[in-house]
Every structure is written in structure tokens, then in C-alpha cells.
Amino acid sequence: LPGGRTAKALDDVSFQIRKGEIFGLVGESGSGKSTIARCVMNLTRPSHGSICYRGIETNDRLSFRRHKRMLQSERQIIFQDSASSLNQRMKVVDIVTEPMKLAHRKPERGSFRAEAEYQLQYVGLDAACLDKYPSELSGGQRQRVAIARAIATGARLILLDEPAAGMNPQETLELADFIHDIREKYHLTILLIEHHMDLVMNISDRIYVLDFGSLIAKGLPEEIQKNQHVIDAYLGVVED
């Protein structure tokens, strides 16, 4: 802040994500969701507290450096703005296979192109997308390309940062089915960060609700539903 002042973005927020679950983190803009996402992915270093992944203290610089390659391949974030997160000068086939090439991984299906086609198939895109540029795809298609790239790295934890942004109700329903599908196919653990309560309620195994950096509710979807009126009061939701 100006003048060297500091502000607390999160206050006593603690949670554990279980292997194979879809963990929903919901809150309005300014609630602290993005700060959590950046801390989990080591894009921001928290001033206090600890973050552990598979027993590794990722907030510890020495520990992070020791396990950097594994942490960067197994934990992947899919940003809300898929257009800026994909290299606009690269074709989809190169975007999907680039992580494998950088890691010197031999493609299981004989060629990198065949590997890219296989990964696209699993995210609901056909081979015609391989030679397209991101600008030639819809927002939903770009999100799927980003997820295909993440899966190609051998990701085990995927963080979805407001994936439904800009989507209409039908696209949001399709997204919910898709998230469920990739979780089952790839045995993924998914951290879903959203401000759309409906999407989070429909697909999450457990939900935490944030408001101004503090935890105001947590539980199973049905438990959150029972306390919806309390949550709405905190978030300033006014019924017509």
C-alpha cells in the first residue's frame, strides 16, 4: 500500500484438500481467493503460515528448490483469462506438447502430435484444433487446451481460477460436467476458485466460503445450502 503500509489479505484461513476431491473456494471479489491461489502455486510468498503439498513445505525456499521440478509438474493452475495464459504465436499442438518437450519426456503414443491429439480428445476437442492458434478458438475451447496442457505434464492437482467467467448458463453446465469428467478420468484433485455459488454447489465435494479474507462458512454442499441465508447476509446479497 502507499506509504509502505500493509494490509492483511487473509486472516486465520486454514484448510486441507483431500486427494481426489473437488474442493470449492467461493467468495466475492476482494475476499482473498486470488491470494490463496497465488500462494498455493508459489506465485506469492505468504508472510506467515505454511503451505504443504505431499508433505513438502512449499513456503520454505530450500524445500521448494529441492522439489521444484516435481512441484511445477504436478501442480497446475488454469487462469481465468485463457487468452493471455496461452502463447498466441503457437499452434495448439505445440502448446500442449511444449511441457513434455521441456521435461524431455518421450511421447507414449509415438509422436508429440499423436500425444497432443490424444490429450485434446480427452478434453472434448477434435484433431482439427491442433493446427489452430488460440485466437481462432472460443473461450471455452481455450480453457480446454490449457487443461490438456496441464494434464500432459502429469498434473495431480489442478487449480481452476474462476473458469466460468464470461460463460452463459449452458456453457457453465457443460463446464460442470467436464470438470467432473476429467477428475474421474485422470484421478485429479481439483481446487475450484469461483464467485458463482451455483457452479461450486453443483460439483464440489466440500466448500469453503470467504469474505474479506476471513472464513465465514465451510462444509458439504448440503450444509452450505442450509446456511445460505447467513452467507448471503455476509456477502451482501439482497433478494428481489
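Whatever comes next refers back to the structure up there.
What this report covers is the structure whose coordinates are included nearby. For every chain, the first residue of its written sequence is number 1, and the numbers climb from 1 along that sequence. At least 70 in pLDDT is required for a residue's local features to be given in this predicted model, at least 80 for side-chain atom pairs to be given and counted, and no such filter applies to totals for whole chains, interfaces and linings, which use all residues. The basis for every side-chain value is the complete set of non-hydrogen atoms in the structure, without hydrogens or water.

## Quick notes on the sheet that holds strand β7 (residues 206–211)
Pairing between the strands of a sheet is mediated by backbone hydrogen bonds and can be parallel or antiparallel.
Then step 1. Between any two strands, pairing holds if DSSP finds at least two bridges. A run of H or I in DSSP becomes a helix once it reaches four residues, and a run of E becomes a strand once it reaches two; helices and strands are each numbered from the N terminus. If you walk across this open sheet you meet the 6 strands as β4-β5-β6-β1-β7-β8, and the pairing is mixed. Both outer strands of the open sheet, β4 (75–78) and β8 (214–219), are each paired with one neighbouring strand and no more. On average, adjacent strands in this sheet sit at an angle of 15° to one another, irrespective of strand direction.
Then step 2. Pairing analysis gives 5 bridges linking strand β5 (residues 157–161) to strand β6 (residues 189–194), with the strands arranged parallel. Across the sheet, Asp-161 pairs through a bridge with Ile-193, a residue of β6.
Then step 3. Contacts were defined at the residue level, with two residues in contact if any of their heavy atoms lie within 4.5 Å. Where helices are involved, their axes are fitted lines through C-alpha atoms of the stretch in contact, as for all axes, and angles between N-to-C directions lie from 0 to 180°. In the packing of helix α7 (residues 139–152) onto the sheet, contacts are made with β4 and β5, and the angle to β4 comes to roughly 175°.
Then step 4. Lying on the sheet, helix α8 (residues 169–186) is in contact with β1 (22–26), β5 and β6; it crosses β6 at an angle near 160°.

## Things to note about the environment of Glu-171
Then step 1. One can find Glu-171 in helix α8.
Then step 2. Here the term buried applies to any residue with accessible area under 20% of the maximum for its type, exposed to any over 50%, and partly exposed to those in between, with areas from a 1.4 Å probe on protein chains only. Residue class for Glu-171 comes out partly exposed when judged on its relative accessible area of 35%.
Then step 3. Put simply, Glu-171 and Gly-140 are 31 residues apart on the chain and 7.9 Å apart in space, counted from C-alpha to C-alpha.

## Some details on the pattern of salt bridges
Side-chain pairs of opposite charge can arise where the charged atoms are in close proximity.
Then step 1. Counted as salt bridges are all cases of a side-chain nitrogen of Lys or Arg within 4 Å of a carboxyl oxygen of Asp or Glu. The full count for this structure, using the stated rule, is 11 salt bridges.
Then step 2. We note a salt bridge from Asp-131 to Arg-113, for which the minimum N-O separation is 2.8 Å. In this pair, Asp-131 is assigned in the loop between α6 (112–122) and α7 and Arg-113 in helix α6, connecting sequence segments 18 residues apart.
Then step 3. The class of Asp-131 is partly exposed, set by a relative accessible area of 38%.
Then step 4. For Arg-113, a relative accessible area of 39% gives the class partly exposed.
Then step 5. Through salt bridges with shared partners, a single ionic network connects Arg-54, Glu-74 and Arg-156.

## Looking at the nonpolar core
Then step 1. Ranked by internal contacts, the top residues of the largest apolar core, which has 45 residues, are Leu-120 and Val-145.
Then step 2. In terms of residues, this core owes the most to one element, α7, which gives 7 residues.
Then step 3. Among residues more than four places away in sequence, those in contact with Leu-120 are Val-92, Val-96, Leu-125, Asp-126, Cys-129, Leu-130, Val-145 and Ala-148.
Then step 4. Each nonpolar core is a collection of buried residues, namely Ala, Val, Leu, Ile, Met, Phe, Trp, Tyr and Cys, held together in the definition by side-chain atoms within 4.5 Å. Counting residues in each nonpolar core, the second largest holds 12 residues, with Ile-36, Leu-191, Tyr-208 and Leu-210 among its members.

## With respect to α8
Then step 1. Take the number of residues in a helix, subtract one, and multiply by 1.5 Å to get its expected span. Taking 1.5 Å per residue, 18 residues should reach 26 Å; α8 reaches 26 Å between its end C-alpha atoms and fits that length.
Then step 2. Within α8, the full set of buried residues consists of Thr-172, Leu-175, Ala-176, Phe-178, Ile-179, Ile-182 and Arg-183. Seen from one end, α8 has its buried residues packed into an arc of 170°, which puts them on one side. Exposed residues lying more than 90 degrees from the buried face of α8 are Leu-173, Asp-177 and Glu-184.
Then step 3. Elements that come into contact with the buried residues of α8 comprise β1, α6, α7, β5, β6 and α9 (197–203).
Then step 4. At the exit of α8 stands His-187, carrying a positive phi of roughly 55°. Comment: arc refers to directions from the helix axis out to C-beta atoms.

Function cannot be inferred from these measures alone, as they are strictly geometric.
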